[in-house]
Amino acid sequence: MGEEKKEQPDLKQLSQEEVEKHTTGTSSWLVIHDKVYDVTKFLEEHPGGEEVLLEQAGKDGTESFEDVGHSEDARELMENYLIGELRDEDKASNKYPEKRDMWKSSGNGSTCSLS
Ligand code: HEM
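Looking at an unreviewed UniProt entry, one finds the protein named Cytochrome b5, with Branchiostoma lanceolatum as its source organism.

What follows is the structure, encoded as structure tokens:
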């Protein structure tokens, strides 16, 4: 009965606003790839230290997370802390489609036209 979808049982939809409330050592959430993780209990265990996690708490830590090049183990581990996902309108992929383009095509940044 409805057991086929193993990957993600109903993920709770959370708002950006809600995530932003959890920025401290007593409650720290972070967003990675539009999923929300409660890393409060993981702070002390994180091999990269709690500081870097707290720095990203309440925010989208995707870039920092990917910059480090976390292992498959790390990616499995984070599933333990998954508490939900951003609601559609707060997902990075939906929120700033134009800005995403901007990153790709801002070619002539070095032109300065002061004269
Ligand atoms: C739930 C989220 C996270 C989990 C489960 C996690 C887990 C881990 C694990 C298992 C390692 C050991 C190396 C590896 O297996 O790749 C690690 C290393 C590291 N993590 Fe994370 N991490 C998370 C989020 C983050 C974030 C958001 C940042 C950056 C802001 C970060 C920064 C680092 C750094 C800098 C190291 C390297 C430590 C070293 O090599 O000395 N991690 N993390």
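Next comes the rest of the account.
### Section: the coordination of the iron atom of the ligand
Ligation of the iron atom of the ligand by protein atoms is provided by His46 (NE2) and His70 (NE2), these donors lying 1.9 to 2.0 Å from the ion. Coordination geometry of the iron atom of the ligand: the six donor atoms subtend angles of 87 to 180° at the metal centre, consistent with an arrangement described as octahedral. Residue His46 is found in the loop between strand E4 (35-38) and helix H2 (50-56), and its partner His70 is found in the loop between helix H3 (62-68) and helix H4 (72-79); the two are separated by 24 residues along the sequence. Residue His46 is classed as buried on the basis of its relative accessible area of 12%.

### Remarks on the nonpolar core
Leu30, Ile32, Tyr37, Val39, Phe42, Leu43, Leu53, Phe65, Met78 and Tyr81 together form the largest nonpolar core, which totals ten residues. If we skip the residues at most four places from it in the chain, Met78 touches Ile32, Tyr37 and Phe65. In this structure, Val19, Trp29, Val31 and Leu86 belong to the second largest nonpolar core, which totals six residues.

### Side note on the site of the ligand
Around the ligand lies a shell of 16 residues, among which Phe42, His46, Pro47, His70 and Ser71 are the nearest. Those elements that provide at least two residues to the shell around the ligand are H2, H3 and H4. Considered class by class, the residues forming the shell around the ligand number ten nonpolar, six polar and no charged.

Parameters at a glance
Residues numbered from 1 in each chain as written. Predicted model: local features only at pLDDT ≥ 70, side-chain atom pairs only at ≥ 80, totals over all residues. Heavy atoms only, no water. Donors = N, O, S within 2.8 Å, 3.2 Å for Na, K, Ca; no water. Tetrahedral: all angles 85-135°; square planar, octahedral: opposite > 155°, others 65-115°. Helix = DSSP H or I, 4+ residues; strand = E, 2+ residues; numbered from the N terminus. Buried < 20%, exposed > 50% of the residue type's maximum accessible area, 1.4 Å probe, protein only. Core = buried A, V, L, I, M, F, W, Y, C linked by side-chain atoms within 4.5 Å. Contact = heavy atoms within 4.5 Å. Near = heavy atom within 4 Å. Nonpolar A, V, L, I, M, F, W, Y, C, P; charged D, E, K, R; others polar.

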